[in-house]
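Geometric and topological summary
Read off the chains here:
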Amino acid sequence: MTQEKWWGAPETITKNGVALSSRLDALFTKGCETIKNAQPLTVRVRGVMIREDLDRDWLRKDGNDLIIVTTSQFDAEPPVQRLHFMNNNVALGWQGDFFNDTVLAIKAFNEEKRRLTLRIQIYDVDKIETGFVDTIVTSAKNVAVAFPNLAPYVAATSFVLPSFSKLVENFSNHDRILDERLTLELSEVNSGRKLLQPGYFVCFNAPQEDGLFLEHTLKVCHKNDDADNEFKDCSYAVLGIERDMKESREWEIDQKTSKLIAQLQGKGESGQASIEFLRETLDGYDKFKQLQRAKELQSKKKRTPDEENFLATLAKDEDLVAFLPNTKGA
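Keep in mind it's a predicted model, so treat the numbers as computed, not measured.

Among the residues of helix α6 (residues 305–315), those classed as buried are Glu307, Leu311, Leu314 and Ala315. Buried residues of α6, viewed axially, fall in a sector of 100°; they line one side. In α6, the exposed positions that point more than 90 degrees away from the buried face belong to Pro305 and Asp306.

With that settled, consider the sheet that holds strand β8 (residues 115–124). In sheet architecture, strand pairing relies on hydrogen bonds along the backbone and comes in two forms, parallel and antiparallel. The strand order across the open sheet formed by four strands is β5-β4-β8-β9, and the pairing between neighbours is antiparallel. The sheet terminates laterally at β5 (80–90) and β9 (175–185), the two strands that pair on one side only. Taking each pair of neighbouring strands and ignoring which way they run, the sheet shows an average axis angle of 10°.

This part is about unusual backbone geometry. Backbone geometry places Asp75, a non-glycine residue, at a positive phi of 45°. With respect to the helices and strands, Asp75 occurs in the loop between β4 (64–74) and β5. Asp75 sits in the partly exposed class, given a relative accessible area of 24%. Phi is positive for Asn89, which is not a glycine, with a value near 50°. Judged by its relative accessible area of 40%, Asn89 is partly exposed.

Turning next to a negative patch on the surface. A surface patch of negative charge is lined by Glu111, Glu112, Glu280, Asp283 and Asp286. Mapped onto the secondary structure, Asp286 falls in helix α5 (residues 271–299).

Attention now goes to the environment of Arg51. Relative to the helices and strands, Arg51 is located in the loop between β3 (41–50) and β4. The class of Arg51 is partly exposed, set by a relative accessible area of 23%. Note: C-alpha distance between Arg51 and Trp94 (43 residues apart in sequence) is 8.9 Å. Discounting chain neighbours no more than four positions away, the residues touching Arg51 are Leu92, Glu230, Phe231, Lys232, Cys234 and Ser235. For Arg51, the side chain forms a polar contact with the main-chain oxygen of Phe231, separated by 2.9 Å.

Most of strand β7 (residues 102–106) sits inside the fold, with five of its five residues counted as buried. Two strands pair when backbone bridges link them, and β3 and β7 are joined in this way by four bridges, in the antiparallel orientation. When the bridges of β7 are listed, Val43 appears paired with Leu104.

One pass over the structure, following the stated rule, counts 13 salt bridges. Between Lys113 and Glu77 there is a salt bridge, with the nearest N and O atoms lying 3.7 Å from each other. One end of the pair, Lys113, is in the loop between β7 and β8; the other, Glu77, is in the loop between β4 and β5, and 36 residues separate them in sequence. Accessibility expressed as a relative area gives 22% for Lys113, which makes it partly exposed. A salt bridge links Lys300 to Glu307; the nearest nitrogen and oxygen atoms lie 2.7 Å apart. Looking at Lys300, the relative accessible area reads 32%, which means it is partly exposed. Here the salt bridges do not stand alone but share partners, grouping Lys5, Arg176 and Glu180 into one network.

Within the secondary structure, Val69 is located in strand β4. Taking the C-alpha atoms as reference points, Val69 and Arg119, 50 residues apart in sequence, are found 8.3 Å from one another. Look past the residues within four positions of Val69 in its chain and what remains in contact with it is Gln81, Arg82, Leu83, His84, Arg119, Ile120, Gln121 and Phe171.

What follows deals with the side chain of Arg44. Looking at where Arg44 falls in the secondary structure, it is placed in strand β3. The exposure class of Arg44 is buried, given its relative accessible area of 18%. A polar side-chain atom of Arg44 sits 2.9 Å from a polar atom in the side chain of Asp101. Ignoring any residue separated from it by four or fewer positions in sequence, one finds Arg44 in contact with Asp101, Thr102, Val103, Val238, Leu239, Gly240, Glu242 and Lys246.

What counts, and at which threshold
- Residues numbered from 1 in each chain as written.
- Predicted model: local features only at pLDDT ≥ 70, side-chain atom pairs only at ≥ 80, totals over all residues.
- Heavy atoms only, no water.
- Buried < 20%, exposed > 50% of the residue type's maximum accessible area, 1.4 Å probe, protein only.
- Helix = DSSP H or I, 4+ residues; strand = E, 2+ residues; numbered from the N terminus.
- Arc of directions from axis to C-beta.
- Pairing = 2+ DSSP bridges.
- Axes fitted to C-alpha atoms, helices over the stretch in contact; angles between N-to-C directions.
- Patch = residues over 30% accessible without salt bridge, like charges linked within 9 Å, V, L, I, M, F, W, Y side chains within 5 Å.
- Areas by Shrake-Rupley, 256 points an atom, 1.4 Å probe, with all protein chains shown as cover.
- Salt bridge = Lys/Arg side-chain N within 4 Å of Asp/Glu carboxyl O.
- Lys, Arg positive; Asp, Glu negative; His and termini not counted.
- Charge placed at Lys NZ, Arg CZ, Asp CG, Glu CD.
- Contact = heavy atoms within 4.5 Å.
- Polar contact = N/O pair within 3.5 Å; in protein donor to acceptor, adjacent residues only side chain to side chain.

Function-wise, these values are silent; they only describe arrangement.
Here is the structure:
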């Protein structure tokens, strides 16, 4: 029997549920294509099931002090980290409907990026002060909380942000509930490479065998006639991939900012790729600012000789000329 930690299922779930498949190199739905160039893409954490109580203070009989973080990375680009959930004394069972459930969201997928690596981490982080957690939960919509690596750069947002940033950097020193990676690729069907495609991806913290199903509630169950057929053997997380853009432009900018900060912190896998990413980012910003400047000069009724010379120089830039069709006599 096949034993895997990552399993997949199609987007459409019937009333009787849908079988989980370990063949992530096959299409979940016949006729459904993988993510294609210029299509939107959103990856979300749809829910987690916590089965293990790792709280070491058995006298208190509290739940886990839970933190849920994901990281996404295209090829060797800098990774983007996201905080989805953080709270004290969380009871065992299902956790979903997070304030921050989006792992990654882009308006137009670039097929030059061949590999997307996703990592989900769920830990029991002991001895966090309740007031600290309450402040973070209250600030769940804050960009520095949603994207933890931005916390050191958000001035005067909250006195807890430096401590929060340090906690997120070191939470893996605590008790692991689930910590797994999945790499999805643009590839041929049945090639042995896991496909980047719409659907649900279920990650267990221990290998499982065939015979499990995903219900419409996104909980895992056994396929049998028992009234209580819910899967209870271990913790798991459910991620969803959609051919859609679920976030605003502001959110996408925050995501790119987080990636740039990660680059500046040296977190790209490849030094050369990291340098190229930073160069590409700054080059795009510089071109946009030049285009803005050219438009400003074009709109002036009267320009100085220096302004005319500068505008003429900009008009010779092959990257800008298509956007500056009326450089003469404006």
